[in-house]
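# Fold and geometry: a report
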Amino acid sequence: MSSVLIGNLDADVIGLGQDCTNPLFVTKPPQEKENKTKKNRVALSLEEDDSEKNDAIVGTIMKSAASAGSRATVSLSDCLACSGCVTSAETVLLSEDSASTLREMCTNKNNQVTCAISRASLASLADALDMDLNQCLKAIKAGLAQEPWSINTVVTSDTAQQLAATLVAEEFLSRIENFDFKNNSSFIEPKIPEPTIAISRTKYRFVSSIHGNKDIEAGLAQPRPNNPLPMLCGECPGVVCFLEKNAPHVLPYLASAKSGMAVHAFMNNTRNDNYQEQNNKFVAVAPCADKKLEAARRDLSDGENFDIDLVLTTSQLLEALGGLEKLRCYGEKDNDNRNGDSNDDFLHSAPVSQNHAGSGAYLEYTYRFIAAKYGIMVPSALPYERVRNDDFYQVALTLPEKTIRFSRAYGFRNVQKIANSIKRGDCPYHFVEIMACPSGGCLNGGGQIISEDERSRYDIKRRVERVSSVFHTPTNSIQHLPEDDPNRNLLYTRFHHIPSLQDTLHPGDVKW
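My aim in this report is to walk through the structure given alongside it, one point at a time. (Residues numbered from 1 in each chain as written. Predicted model: local features only at pLDDT ≥ 70, side-chain atom pairs only at ≥ 80, totals over all residues. Heavy atoms only, no water.)

### Considering empty space enclosed by the protein
Enumeration according to the criterion identifies six cavities of 30 Å³ or more in this entry. Each pocket or cavity is described by its volume, and for the largest cavity that value is around 420 Å³. Along the walls of the largest cavity sit 36 residues, with Ser118, Gln161, Glu235, Gly360 and Cys442 positioned nearest its centre. Among the elements of the structure, β3 (112-117), α6 (119-129), α8 (158-177), α10 (260-269) and β11 (280-286) are those that each provide at least two residues to the lining of the largest cavity. Per-element accounting of the lining of the largest cavity gives the leading share, four residues, to β11. Here the residues of the lining of the largest cavity are counted per class, giving 21 nonpolar, 11 polar and four charged. (1 Å grid on protein atoms, 1.4 Å probe; cavity = no way out; pocket = protein on both sides within 12 Å on 5 of 7 lines; lining within 4 Å. Points joined across faces, edges and corners; volume = space filled by probe spheres on them. Helix = DSSP H or I, 4+ residues; strand = E, 2+ residues; numbered from the N terminus. Nonpolar A, V, L, I, M, F, W, Y, C, P; charged D, E, K, R; others polar.)

Structure follows, in structure tokens:
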């Protein structure tokens, strides 16, 4: 499977288990809250650990938790804020974020459901149906308009994705202006952030006893123009979760803009001041199950309500719509009803280095944004150079008195190489588009449409090439958000150094 789930990233570092032993989260739920269901909560059974190796660390906690009650309520966000077991979190995500959840959501006629489809997901479906993007989007709209879904607002996330890419490009421009190219060093030395746990988009809690485990009201996240280079785009939740748990030294290098999915959800929910009372629900269709992890981050919530209510993978959406043949029929009926007329022609735009733009086009947009700022003309297809393997490419942009080096690193093998080079201080790049899924990034996400006869790397490569051939970058122009736009400061996020379970059990022993 091409998706990278957190539990599979590095089993030697991330311990797997069946029971939650983290004292920050294992508590007995109050009786009065037993009938109130919160988003993504799971009851974990507790039992004594009979392992002599682990008994000294977790046995006492498990026994005390078990004596308090036979079950403990642990939220999915709690699981993500812990470096211990994440197996349960992944299981809950895949089981709860499903077509049955969407059906339940749509059954409530008071809910106003918006379904936003990523372009990578749309391209995968279009390839499987042998349609172009416009035809595929029409078929999906027609299918979701049927019972039991009755969803009338079905859109792509193109505009939000372009906006996210532009925010990344703007932050990179600020960082290179503060970078000492002559000595290839930043003016500000990076520091490993202290361990924290998100409470909401404006609040977090220190884990270390040095700060007394108190909550900090930090306000909205801001861009970090003075942070060091290279800047890594943080679109991939699999990469982000791995870095938070195992390579916190890389966190200051991540771009601070939210992902396209998160930008779309927040802007959709804040069209008016009463979106919660109006039961607005935001459903995202994404190419990878790890996007479910992103949706469960408390940084994308007000503490109670999450910006994203449900994430379906591409294959889950196809399953909900009854499979390929039924979806193809929806498209044919829709074409008959419209007589060829369509308002979806915004999807017809020409490709721009399409083989390298399938994961948000962060490198493409940033390269062109910087070139435009310096008045440099660039070709429609950037001159990428293959490095090491098919998942690692680089391209350079020559400016007056300096050269900016970009790279596109996909697959966990290359993620580790970039993280290690940053730790050693010898990373040769200034901007890295980094994704966990190999062989095409998001276009090859684990939630994409995969045929039953696909068995080899060659089969995967051919499929990704087909998907890439129908994938078109939304536009050649750069999206701009006015400096005085009130939404600008709402489109950034924070990342958190997640302490190891050992450090959580013994916070006074945390060493830097």
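### Observations regarding the packing of aromatic side chains
One pass over the full model with this rule turns up seven aromatic pairs. With a centroid separation of 5.3 Å and 75° between ring planes, the pair formed by phenylalanine 172 and phenylalanine 431 is classed as edge-to-face. Taken together, the residues phenylalanine 172 in helix α8 and phenylalanine 431 in strand β16 (residues 431-435) connect sequence positions 259 residues apart. Assigned by exposure class, phenylalanine 172 and phenylalanine 431 land together as buried. Here the aromatic rings of tyrosine 367 and phenylalanine 406 are separated by 5.2 Å at their centres, their planes lie at 50°, and the arrangement is tilted. One end of the pair, tyrosine 367, is in helix α14 (residues 362-373); the other, phenylalanine 406, is in strand β15 (residues 402-410), and 39 residues separate them in sequence. Tyrosine 367 sits in the buried class, given a relative accessible area of 5%. Residue class for phenylalanine 406 comes out buried when judged on its relative accessible area of 0%. What links up through ring pairs into an aromatic cluster is the set Phe172, Tyr367, Phe406 and Phe431. The side chain of lysine 258 reaches across the aromatic face of phenylalanine 266, ending 4.4 Å from its centre. (Phe/Tyr/Trp six-rings, centres within 6.5 Å; stacked < 30°, edge-to-face > 60°. Buried < 20%, exposed > 50% of the residue type's maximum accessible area, 1.4 Å probe, protein only. Lys NZ or Arg CZ within 6 Å of the ring centre and 35° of its normal.)

### Digging into the packing of α8 against α10
Direction vectors running N to C along α8 and α10 enclose 115°, while the axes themselves pass 8 Å from each other. The two elements α8 and α10 cross, and the hand of that crossing is right-handed. Counting all contacts with α8, which are made through Ala160, Gln161, Leu163 and Ala164, the residues of α10 involved are Gly260, Val263, His264 and Met267. Its residues assigned to classes, the contact of α8 with α10 comprises five nonpolar, three polar and no charged. (Axes fitted to C-alpha atoms, helices over the stretch in contact; angles between N-to-C directions. Left-handed = near helix turned anticlockwise from the far one by under 90°. Contact = heavy atoms within 4.5 Å.)

### Section: the pairing of strand β8 (residues 203-206)
Every second residue of β8 is oriented toward a common face, the buried set being Tyr204 and Phe206 and the non-buried set Lys203 and Arg205. Pairing analysis gives three bridges linking strand β7 (residues 196-198) to β8, with the strands arranged antiparallel. Bridge pairing in β8 places isoleucine 197 opposite arginine 205. Hairpin remark: β7 followed by β8, antiparallel, with four residues in the connecting loop. The pairing of β8 with strand β9 (residues 215-217) spans three bridges and is classified as antiparallel. If you follow arginine 205 over to β9, its bridge partner there is aspartate 215. (Pairing = 2+ DSSP bridges.)

### Some remarks on the pattern of salt bridges
Note that side chains of opposite charge can pair when their charged atoms are close. A complete count under the given rule lists 16 salt bridges for this structure. Measuring nitrogen to oxygen at the nearest pair gives 4.0 Å for the salt bridge that ties glutamate 217 to lysine 203. Remark: lysine 203 occurs in strand β8 and glutamate 217 occurs in strand β9; sequence separation between them is 14 residues. The partner of glutamate 235 in a salt bridge is lysine 291, with the nearest N and O atoms 3.5 Å apart. In this pair, glutamate 235 sits in the loop between β10 (231-233) and α9 (237-246) while lysine 291 sits in helix α11 (residues 290-295), placing the two residues 56 residues apart along the sequence. (Salt bridge = Lys/Arg side-chain N within 4 Å of Asp/Glu carboxyl O.)

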